2 protein chains.
Amino acid sequence: MRNVAIVGIGMIKFGELWTKSLRDLCVEAAQNCFTDAGTNRVDSLTIGCMSSGLFNGQEHLASMVPDYLGLKHVPATRVESACASGGLAVRSAFIEVASGFTDFALAIGVEKMTDVSVNDATFALASAADQDFEAFHGITFPGLYAMLARAHMDRFGTTREQLAQVAVKNHANSTMIADPLRLLDCSPITDGAAAVLLTTVEEAKKMKKYPVVEITGIGMGTDTIALSHRRDILKLDAVDLGVQRALKMAEKTINNIDFAEVHDCFTIAEIMVLESLGVVKQGQGGPATMDGLTALNGKFPVNPSGGLKAKGHPVGASGVAQICEIVEQLRNNAGKRQIAEARTALAQNMGGSGGSCVCHVVERR
Amino acid sequence: MRNVAIVGIGMIKFGELWTKSLRDLCVEAAQNCFTDAGTNRVDSLTIGCMSSGLFNGQEHLASMVPDYLGLKHVPATRVESACASGGLAVRSAFIEVASGFTDFALAIGVEKMTDVSVNDATFALASAADQDFEAFHGITFPGLYAMLARAHMDRFGTTREQLAQVAVKNHANSTMIADPLRLLDCSPITDGAAAVLLTTVEEAKKMKKYPVVEITGIGMGTDTIALSHRRDILKLDAVDLGVQRALKMAEKTINNIDFAEVHDCFTIAEIMVLESLGVVKQGQGGPATMDGLTALNGKFPVNPSGGLKAKGHPVGASGVAQICEIVEQLRNNAGKRQIAEARTALAQNMGGSGGSCVCHVVERR
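In this text the structure is predicted, and so the values were computed from the model without any measurement. (Residues numbered from 1 in each chain as written. Chains lettered and ligands numbered in written order. Predicted model: local features only at pLDDT ≥ 70, side-chain atom pairs only at ≥ 80, totals over all residues. Heavy atoms only, no water.)

## Concerning the nonpolar core
For clarity, the cut-off: Side-chain atoms within 4.5 Å are what join buried Ala, Val, Leu, Ile, Met, Phe, Trp, Tyr and Cys residues into a set we call a nonpolar core. To sort residues, take the accessible area from a 1.4 Å probe on protein chains only and compare it with the maximum for the residue type: under 20% means buried, over 50% means exposed, and anything in between is partly exposed. In what follows, a contact means two residues having at least one pair of non-hydrogen atoms within 4.5 Å.
Membership of the largest hydrophobic core comes to 105 residues, with the highest contact counts inside it found for Leu346 of chain A together with Phe300 and Leu346 of chain B. The residues touching Leu346 of chain A, leaving out its near neighbours within four places in the chain, are Val243, Ile254, Ile257, Phe259, Ala260, Glu261, Leu277, Ile326, Cys359, His360 and Val361 of chain A.

Okay, structure coming up:
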């Protein structure tokens with residue numbers, strides 16, 4: 001396998017983007033990525049999107065997106081693993097480059113969620129759960145994560161104040177980059193897109209615009225799609241495996257990680273992921289959050305970007321947006337939310353109630 | 001890159017499978033594949049499915065399918081490129097193995113289309129076209145392909161009899177494998193699944209159960225999603241590129257190909273693809289079909305399986321099912337529809353009205 005670097009990142013501001021179409025979001029994120037990279041060379045394209053069928057009546061993004069990027073003859077793959085679709089797009093782009101199949105691979109994450117009613121959006125999101133055994137019976141994701149939170153409170157004494165602290169911390173980070181009121185008003189049902197351009201480390205060295213940022217580890221894990229089938233409702237096996245596999249590939253332990261972008265779709269998720277990463281013992285995610293461990297100036301900063309909670313969660317885009325934030329940090333370009341001397345970071349992106357998880361270790365060379 | 005072989009194939013009989021769920025289809029095809037391979041080792045999984053969100057209210061197959069295969073911790077990716085989703089799943093599995101990321105990769109194609117009304121199925125299928133500029137205005141795929149057929153008839157004098165001959169030939173092939181009446185009654189809206197297991201040629205040689213069948217070429221091309229944006233309505237650029245790239249990678253020309261499985265979603269599609277492959281000059285696909293060129297005993301047999309037309313087209317499954325048929329032929333296992341001395345074959349699988357195309361060259365070693 002060849003070594004793979006990230007040479008470009010591009011985001012658009014997440015929000016309720018009623019004046020823009022799904023294709024606009026993809027094109028803008030990609031154009032920002034090309035500007036950042038100083039090249040628009042793309043040999044293959046991966047698009048992470050959870051449910052453009054249900055949100056936009058539009059499948060076949062593997063044709064539409066290259067078409068509207070002026071790349072209509074380039075091989076393209078849309079990948080999906082619910083809210084982990086963005087991370088999966090980066091993983092797929094990595095493998096395209098690592099295999100030698102492609103030299104420059106563009107990964108885009110996108111979701112346009114506000115074109116449908118809240119009821120329809122709730123149905124679409126619930127399609128990440130087990131339709132036959134969970135969603136059909138009326139439960140939605142707030143309900144699934146509420147069960148996790150209740151079990152965590154019951155078993156470990158985690159408090160509502162500790163949960164709230166995750167949100168407080170993440171919103172505090174996010175206010176440093178944009179109007180806090182708009183962000184705090186932001187619905188978790190969000191439109192957005194993000195893009196990263198990958199190539200070999202060898203090619204990246206020639207580009208010289210930025211320090212070389214390499215993806216050194218990738219790990220993916222899966223777990224039962226239905227929460228009721230888990231061996232323990234408070235164990236996120238897919239996250240455990242995703243993180244362990246990524247760290248192993250990168251020849252690192254969690255102690256080598258300077259900060260992480262994690263999947264805080266609900267406050268309880270960040271607390272459980274923190275425990276899954278091995279940053280704290282199980283049950284200690286709540287108190288550690290209260291103590292400031294994961295704050296920007298804490299010992300293990302989590303979600304310097306504001307996370308999904310504070311910057312919005314356009315599901316297919318989130319995993320790619322995590323990588324964009326990590327690259328900004330590793331380039332020492334993150335302004336007021338910069339983490340001092342950050343060299344090695346972890347991205348953790350998961351689908352549904354933890355049925356799938358994709359992790360990346362990213363290092364500044 | 002490492003060389004990649006197909007060591008297992010598994011299909012289920014396509015049809016209106018009202019007593020089976022989406023997950024059942026995947027599990028049965030995979031189990032048939034494991035039985036065929038003599039192993040159930042899977043290090044990563046790719047699932048090609050166009051629109052389980054719209055057909056089944058179920059996304060996140062990358063969690064559900066490994067879960068129900070007893071593989072719940074294995075990395076899994078759902079890929080989508082409309083009707084080319086199956087071919088894309090094989091391509092993704094190929095890259096997983098070729099890169100060294102994975103030793104044994106299972107690719108499953110699946111679509112469960114009969115759980116919704118015909119109206120809803122038509123809406124779901126139309127999401128492979130451009131929603132904003134085509135589908136929203138009322139056109140569906142029969143309409144899009146009808147425009148192609150009309151243009152082909154107008155420019156080259158292709159006749160309705162020639163179109164019909166594609167169907168006659170494909171149904172004739174298919175009647176050799178199953179009850180012809182049921183097949184002839186078969187709606188193009190079909191439930192089905194197919195699976196292939198890939199590993200390195202090195203591993204395949206150790207298995208000894210079958211002659212080694214290697215994927216030597218992969219090509220993917222994309223084109224405008226909207227038919228109206230094409231440079232020429234009768235040019236399938238994505239097919240041209242997919243075929244050329246696959247042949248180039250395999251170091252072959254079309255003259256080295258013994259037979260092909262092609263994407264005959266409509267009769268005109270097979271005629272146009274035949275021209276795109278370079279088997280006949282443009283405009284000659286109709287007369288060549290009448291002359292028997294593509295019949296089972298013709299000079300260039302096309303769709304010995306019966307193709308999409310005669311065996312049904314569960315969209316995400318079709319591209320994988322093509323590979324299953326090719327492997328049966330190359331193993332000399334195809335019974336009454338066996339093509340004598342077949343050693344090198346081409347699979348051509350496309351999405352929408354030709355907005356994307358994935359091709360594979362497969363060879364018996």
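Next comes the rest of the description.
## A closer look at the pairing of strand E5 (residues 192-200) of chain A
All names here are of chain A. Note the following rule: Helical segments are the DSSP runs of H or I of at least four residues, strand segments are the runs of E of at least two, and each set is numbered from the N terminus. By definition, two strands form a pair when at least two bridges between them are found by DSSP.
Within E5, nine of the nine residues are buried, leaving the element largely enclosed by the surrounding structure. Across seven bridges, the pairing between strand E1 (residues 4-11) and E5 is antiparallel. Note on E5: the bridge partner recorded for Ala5 is Thr199. Examined bridge by bridge, strand E4 (residues 105-111) and E5 share seven bridges and lie antiparallel to one another. Residue Gly109 lies in a different strand from E5, and its bridge partner there is Ala194.

## Some details on the confidence of the model for chain A
All names here are of chain A. Filter applied, for reference: What pLDDT expresses is the predictor's confidence in each residue, scored from 0 to 100.
Of the residues in chain A, 96% have a pLDDT of 70 or more, and the chain-wide mean is 90. This model gives residues 176-187 a pLDDT under 50, and the stretch forms 15 contacts once residues within four places in sequence are excluded. Here the predicted complex scores 0.88 on pTM and 0.86 on ipTM.

## Digging into the environment of Lys209 of chain A
All names here are of chain A. Short version of the rule: N or O atoms closer than or at 3.5 Å make up a polar contact, with two conditions inside protein: a donor-capable atom paired with an acceptor-capable one, and, for residues adjacent in sequence, both atoms drawn from side chains.
Here Lys209 is to be found in the loop between helix H9 (201-207) and strand E6 (213-222). Sequence-distant contacts of Lys209, that is, excluding residues within four places in its chain, are made with Thr35, Asp36, Ala37 and Gly38. At 3.1 Å, the side chain of Lys209 and the backbone oxygen of Thr35 are in polar contact. A distance of 2.6 Å separates the side chain of Lys209 from the backbone oxygen of Asp36, its partner in a polar contact.

## Observations regarding the relation of the copies chain A and chain B
Keep this limit in mind: The superposition of copies rests on a least-squares fit of C-alpha positions from residues with pLDDT of 70 or more in both.
With an axial shift of 0.0 Å and an RMSD of 0.0 Å, the rotation relating chain A to chain B amounts to 180°. On this basis, the relationship between the two copies can be described by a two-fold rotation axis. The rotation axis passes nearest to the C-alpha of Ser99 of chain A in chain A, at a distance of 1.9 Å. Mapped onto chain B, 100% of the interface residues of chain A are again interface residues, and the two copies thus contact each other with one and the same surface.

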